[in-house]
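Chain and residue survey
Each chain is listed here by its residues.
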Amino acid sequence: GDSVTQMEGPVTLSEEAFLTINCTYTATGYPSLFWYVQYPGEGLQLLLKATKADDKGSNKGFEATYRKETTSFHLEKGSVQVSDSAVYFCALSDGNYGGSQGNLIFGKGTKLSVKP
Amino acid sequence: DGGITQSPKYLFRKEGQNVTLSCEQNLNHDAMYWYRQDPGQGLRLIYYSQIVNDFQKGDIAEGYSVSREKKESFPLTVTSAQKNPTAFYLCASNRGKANEKLFFGSGTQLSVL
């Protein structure tokens, strides 16, 4: 079945460091791909999205490119801030998960801590 | 402002007790979902509903029940049959179409006394 695999955390970086969080997926169709962010004690917020191959999603300095050839959607940011400390989830939607078109399949999440 | 409201923020359950988590949305979304989040486990789907008066089991439905009597509301009951209920519960919604993002509530932390 479809699945999402993220790099294990936690990831600890100093402020202004470069961030990469790896995400690869397995899907039978042509899924849309998402990155969500979760701050402590809160729900998930959509960070960015890409709907087809070679699309680049971007928001708040974060970027991810939909790579069909490597089935990847790695999250990157050139210079992280303390306020970026959170858990990041990669997810996919293939439009047909267990009979639910709208459901997403999530990775396990990667915790990022940014030190001043 | 439109959004999803979950209550309470924190909930404690005694042994053998059923507890109900509330989820309300004013986004006019047809589909609603309940997820369970455990540390290091990501999100696992408990139940979902595509339309009023209809709902389907997700991956880990045992020990849980839901209802969808109104479009805006999708309460989750954690029954005494759920032997390990301590977790963070997240409610979400969208229009139920393919490739759509999910909107999430702020979650309920359930703990066992």
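Note that the coordinates shown come from a computational prediction; the quantities given were computed from them, not determined experimentally.

For the rest of this paragraph, the subject is the overall build of chain B. When helices and strands are counted, chain B shows zero helices and 11 strands. Each helix (α) and strand (β) of chain B, taken in turn from the N terminus, gives the series β-β-β-β-β-β-β-β-β-β-β. Relative to the globule expectation of 13 Å for 113 residues, the C-alpha radius of gyration of chain B, 13 Å, shows essentially globular dimensions. By its C-alpha atoms, chain B is 35 × 25 × 25 Å across when sized along the principal axes. Expressed as a percentage of its 113 residues, the buried residues of chain B come to 49%.

It is worth spelling out the nonpolar core at this point. Residues and elements named next belong to chain A. Counting residues in hydrophobic clusters, the biggest one holds 26 residues, and the most contacted among them are Trp35, Leu48, Phe73, Leu75 and Tyr88. When contributions to this core are tallied by element, the ones reaching two or more residues are strand S2 (11-14), strand S3 (19-21), strand S4 (23-26), strand S5 (32-38), strand S6 (44-50), strand S8 (62-65), strand S10 (86-93) and strand S12 (110-115). Sorting elements by how many residues they give to this core places S10 first, with four residues.

Within a sheet, each strand pairs with its neighbour through backbone hydrogen bonds, oriented either parallel or antiparallel. All names here are of chain A. Overall, antiparallel pairing links the four strands, which are arranged S3-S9-S8-S7 in an open sheet. In this open sheet, the two edge strands, each paired with only one partner strand, are S3 and strand S7 (56-59). The average undirected angle you get between the axes of adjacent strands in this sheet is 15°. Where S3 and strand S9 (residues 75-77) come together, three bridges link them in antiparallel fashion. From the neighbouring strand, isoleucine 21 faces S9, where its bridge partner is leucine 75.

Joining two cysteines, a disulfide is a covalent bond between their sulfur atoms. On inspection of all chains with the given rule, the structure shows two disulfides over all chains. Cysteine 23 of chain A shares a disulfide with cysteine 90 of chain A; S-S distance 2.0 Å. Disulfide cysteine 23 of chain A-cysteine 90 of chain A: the torsion about the S-S bond is -70°, which places it as left-handed. Of this pair, cysteine 23 of chain A sits in strand S4 while cysteine 90 of chain A sits in strand S10; the two residues are 67 residues apart in sequence, bridging distant segments of the chain. A residue is classified by how much of its surface remains accessible, and cysteine 23 of chain A, at 1% relative accessible area, is buried. For cysteine 90 of chain A, a relative accessible area of 1% gives the class buried. Covalently, cysteine 23 of chain B is tied to cysteine 91 of chain B through a disulfide, its sulfur atoms 1.9 Å apart.

Moving on, we come to the interface of chain B and chain A. Contacts between chain B and chain A engage 25 residues on the former and 25 residues on the latter. The largest per-residue losses of area from chain B upon contact with chain A belong to Leu43, Asn99 and Phe104 of chain B, which jointly make up 27% of the total buried on that side. The interface formed by chain B and chain A contains zero salt bridges. Linking chain B with chain A are four residue pairs in polar contact (both at pLDDT 80 or more). Those elements that place two or more of their residues in the side of chain B that touches chain A are strand S4 (31-38), strand S5 (42-51) and strand S9 (87-94) of chain B. The dominant element in the side of chain B that touches chain A, judged by the number of residues it contributes, is S5 of chain B, at five residues. Among the residues forming the side of chain B that touches chain A, the class breakdown is 10 nonpolar, 10 polar and five charged.

Parameters at a glance
Residues numbered from 1 in each chain as written. Chains lettered and ligands numbered in written order. Predicted model: local features only at pLDDT ≥ 70, side-chain atom pairs only at ≥ 80, totals over all residues. Heavy atoms only, no water. Helix = DSSP H or I, 4+ residues; strand = E, 2+ residues; numbered from the N terminus. Rg over C-alpha atoms; globule rule 2.2 N^0.38 Å. Buried < 20%, exposed > 50% of the residue type's maximum accessible area, 1.4 Å probe, protein only. Core = buried A, V, L, I, M, F, W, Y, C linked by side-chain atoms within 4.5 Å. Pairing = 2+ DSSP bridges. Axes fitted to C-alpha atoms, helices over the stretch in contact; angles between N-to-C directions. Disulfide = S-S within 2.5 Å. Contact = heavy atoms within 4.5 Å. Buried area = accessible area lost by both parts, 1.4 Å probe. Salt bridge = Lys/Arg side-chain N within 4 Å of Asp/Glu carboxyl O. Polar contact = N/O pair within 3.5 Å; in protein donor to acceptor, adjacent residues only side chain to side chain. Nonpolar A, V, L, I, M, F, W, Y, C, P; charged D, E, K, R; others polar.

So far we have only geometry, and geometry alone does not tell us how the molecule works.
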